[in-house]
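Take a look at the letters that make up each chain.
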Amino acid sequence: DIYFKCSLVFVLIRSGQIFDVSTVLFLFSETQAKSKQRAMTEETIVFHFYAKKLLSDSELLNLAAIAMESDSSQVKSALSGPAGDDLQLDVFTNGANKVLNIRRYESQNLYVFDILVMRSRVKIDLVLIRHLEELIKKFLTDIGSLDRLYCMLGPIRRGEALWRYFPMSDGRIVEFNLGRLVEDRQTKYQNVKIYWSEVHGHAMFLDDDIMLAEKDQEPYTRVLLGLETGKPARNCYADKEILILGGGDGGVICELLKQQPRMVTMVEIDSTVVQLCAKYMRGACEDALDTLEGPNKKIIIGDCLDHLHECIQSGKKYDYIINDLTEFMVNKEERGWNYDFATDNCQMMEIALKALKPDGCYILRGGSLSYTHFWSCFEDDCRKLGLRFRVYDSYVPAFYDKYRFYEVRFA
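As recorded in an unreviewed UniProt entry, the protein goes by PABS domain-containing protein and comes from Macrostomum lignano. Word for word, the UniProt comment on the protein under Sequence similarities (unreviewed entry) is "Belongs to the spermidine/spermine synthase family."

Rendered as structure tokens:
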């Protein structure tokens, strides 16, 4: 607030206008009020319970009053009636800023209800939610109806400019600790978002899927490369020829350049990713993305499959190929290639291996441990191709999950 007041006074001085203090504070309060109006957010507190007996209309009304912290005389039924073969819907309001909707699934004696509150200043009050839970539990117990009650102790927030909820590979929903949206760009290839988080630093999402946060350099990038702090290095990159597939956040090339490689080539299809990460993801890439070429690096904006095809045609081989992409299917007919793939799941790897030296190493991100279908298929395909592989797991904070990495070599 102090910063805003000083900035406002400075703007008024620069504009050549003379205002007394009361006028400045009025303008400030008006701006604050408008800001609060724009920040209105719905908090939804989620409950459900199984009842030993169905609740009467008066009991439902009393339950609604307790849940909305209102006198029963203030609570009105906005809607009540059947909403399906097995579903009864009741909506209550306290005439102010709260709404309660209750869905009753009669065959299961299941009541699902949500308390919706519009707030101008969002403050998660876990003590209040726990208090409501205890009041509701006591009421249901007193009327002899409680079987089991469940409550989510953090509200779901809707109506904010920032959307915080993202799906995990095993179907869970995670609320990310995000402070503000810094950039939102739609490119030819994907949607790119950069968020700021007090916990994770800047974090990049592609098509609303987390790719990397600044503070994940140790648990993600250095584990991927086998360069964990305090442990013997698994791989030696000094004087090696290295190819990075993807890697637009710059984390991988940044760590590799510290290892004195002969040459690191990075192929990233989306120039916007490189530009935004060079600006915001400095905690991961440092200065590695500031230039596209250097004494021992080359960043190519292009399709990594085209680059691999050129390597195969020319006989170019690498000591290390690092796949910092998500595995995807390759349409060889569309590209006019005559490769015969032995697998259905690892075609990207099959192509990359053609550009790998016989004693080389192919390194890739394998996905969350919860994504068991991917890595089980990947390991089966490695065995089918006669490849050796090693597995390394690491908990990555911005992923809210353990992540699996692979090092693959020829047998």
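Okay, back to it.
## Considering the overall build of the protein
In terms of helices and strands, the protein carries twelve helices and 21 strands. Taking contacts inside the protein between residues at least 6 apart in sequence as the whole, the part at least 24 apart equals 57%. Carbon together with sulfur atoms contributes 52% to the accessible area of the protein, which is approximately 20800 Å² in total.

## Observations regarding the environment of Gly386
Mapped onto the secondary structure, Gly386 falls in the loop between helix H12 (372-384) and strand S20 (387-396). Gly386 gets classed as partly exposed once you look at its relative accessible area, which sits at 36%. Measuring from C-alpha to C-alpha, the distance between Gly386 and Ala411 comes to 6.2 Å, with 25 residues separating the pair along the chain.

## A look at the UniProt feature "active site" (unreviewed entry) in the protein
The UniProt record marks Asp324 with the feature "active site" (unreviewed entry), using the residue numbering of this structure. Within the secondary structure, Asp324 sits in strand S18 (residues 318-324). Leave out the neighbours within four places in its chain, and Asp324 touches Tyr220, Leu224, Leu245, Gly247, Asp249, Val252 and Arg365. In this structure the side chain of Asp324 is engaged in a polar contact, spanning 2.8 Å, whose partner is the side chain of Tyr220.

## Regarding the pattern of salt bridges
Tallied over the full model, the rule gives 29 salt bridges. The residue Lys138 makes a salt bridge to Asp142 at a minimum N-O spacing of 2.9 Å. Highlighted residues: Lys138 and Asp142, both in helix H4 (residues 126-142), separated by four residues, approximately one helical turn. Measuring nitrogen to oxygen at the nearest pair gives 3.0 Å for the salt bridge that ties Glu286 to Lys258. With a gap of 28 residues between them, Glu286 in the loop between helix H8 (282-285) and strand S16 (293-294) and Lys258 in the loop between helix H6 (251-257) and strand S15 (263-268) connect regions that are remote in the sequence. The class of Glu286 is partly exposed, set by a relative accessible area of 36%. Of the residues examined, Lys258 reaches a relative accessible area of 37% and is grouped as partly exposed. Sharing partners across several salt bridges, the network here consists of Glu218, Arg222, Glu255, Lys258 and Glu286.

## Considering unusual backbone geometry
Of note in this structure, Asp208 is not a glycine but carries a positive phi near 60°. You can see Asp208 is positioned in the loop between strand S12 (201-206) and strand S13 (209-213). Given a relative accessible area of 38%, Asp208 falls into the partly exposed group. Notably, Asp239 is not glycine yet its phi reads approximately 60°, a positive angle. Inspection of the secondary structure assignment puts Asp239 in the loop between helix H5 (217-225) and strand S14 (241-246). Assessed through its relative accessible area of 47%, Asp239 is described here as partly exposed.

## Description of the sheet that holds strand S10 (residues 180-186)
Read from one edge of the open sheet, four strands run S10-S11-S12-S13, paired in antiparallel fashion. One side of each edge strand has no neighbouring strand; the edge strands of this open sheet are S10 and S13. Sheet twist, expressed as the average angle between the axes of neighbouring strands with direction ignored, equals 20°. Looking at chain direction, S12 and S13 are connected through four bridges and run antiparallel. Within S13, the position partnered with Leu206 by the bridge is Asp209. Against the sheet, helix H7 (residues 271-280) engages S10, strand S11 (191-197) and S12, with an angle of about 160° to S10.

## Examining the packing of aromatic side chains
A complete count under the given rule lists 17 aromatic pairs for this structure. A centroid spacing of 4.8 Å and a plane angle of 5° characterise the contact between Phe49 and Tyr111, whose relative ring orientation is stacked. With Phe49 in strand S1 (residues 41-51) and Tyr111 in strand S5 (residues 110-119), the pair connects residues that are 62 residues apart, well separated along the chain. On the accessibility criterion, Phe49 (0% relative accessible area) is buried. Measuring from centroid to centroid gives 5.3 Å for Trp163 and Tyr165, while their planes differ by 70°, and the two rings are edge-to-face.

## Remarks on H7
Counting buried residues in H7 gives seven out of ten residues, a clear majority hidden from the surface. For H7, the full list of buried residues reads Thr272, Val273, Val274, Leu276, Cys277, Ala278 and Tyr280. In this structure, the buried side of H7 is in contact with S10, S11, S12, S15, H8 and strand S17 (297-301).

## Re the nonpolar core
One finds Met204, Leu256 and Leu289 to be the most contacted residues of the largest nonpolar core, which totals 53 residues. Per-element tally for this core: the top contributor is H7, with six residues. Excluding residues within four positions of it along the chain, Met204 makes contact with Val192, Lys193, Ile194, Asp209, Ile210, Met211, Leu212, Asp249, Val273, Cys277 and Met281.

## A closer look at H5
Within H5, eight of the nine residues are buried, which leaves it mostly tucked inside the rest of the structure. Considered for burial, the residues of H5 that qualify are Gln217, Pro219, Tyr220, Thr221, Arg222, Val223, Leu224 and Leu225. Immediately downstream of H5, the backbone of Gly226 shows phi near 75°, a positive value.

## Some thoughts on the sheet that holds strand S19 (residues 356-368)
An order of S16-S17-S15-S14-S18-S19-S21-S20 is seen for the eight strands of this open sheet, with the pairing classed as mixed. Looking at which strands have only one partner, the edges of the open sheet turn out to be S16 and S20. One ladder, built from ten bridges, connects S20 with strand S21 (residues 401-410); its direction is antiparallel. Bridge assignment links Tyr395 to a residue of S21, and that residue is Lys402. H12 contacts S19, S20 and S21 of the sheet and is inclined by roughly 10° relative to S21.

Calculation criteria
- Residues numbered from 1 in each chain as written.
- Predicted model: local features only at pLDDT ≥ 70, side-chain atom pairs only at ≥ 80, totals over all residues.
- Heavy atoms only, no water.
- UniProt positions renumbered as here; feature names shortened; annotations may be inferred.
- Helix = DSSP H or I, 4+ residues; strand = E, 2+ residues; numbered from the N terminus.
- Contact = heavy atoms within 4.5 Å.
- Areas by Shrake-Rupley, 256 points an atom, 1.4 Å probe, with all protein chains shown as cover.
- Buried < 20%, exposed > 50% of the residue type's maximum accessible area, 1.4 Å probe, protein only.
- Polar contact = N/O pair within 3.5 Å; in protein donor to acceptor, adjacent residues only side chain to side chain.
- Salt bridge = Lys/Arg side-chain N within 4 Å of Asp/Glu carboxyl O.
- Pairing = 2+ DSSP bridges.
- Axes fitted to C-alpha atoms, helices over the stretch in contact; angles between N-to-C directions.
- Phe/Tyr/Trp six-rings, centres within 6.5 Å; stacked < 30°, edge-to-face > 60°.
- Core = buried A, V, L, I, M, F, W, Y, C linked by side-chain atoms within 4.5 Å.

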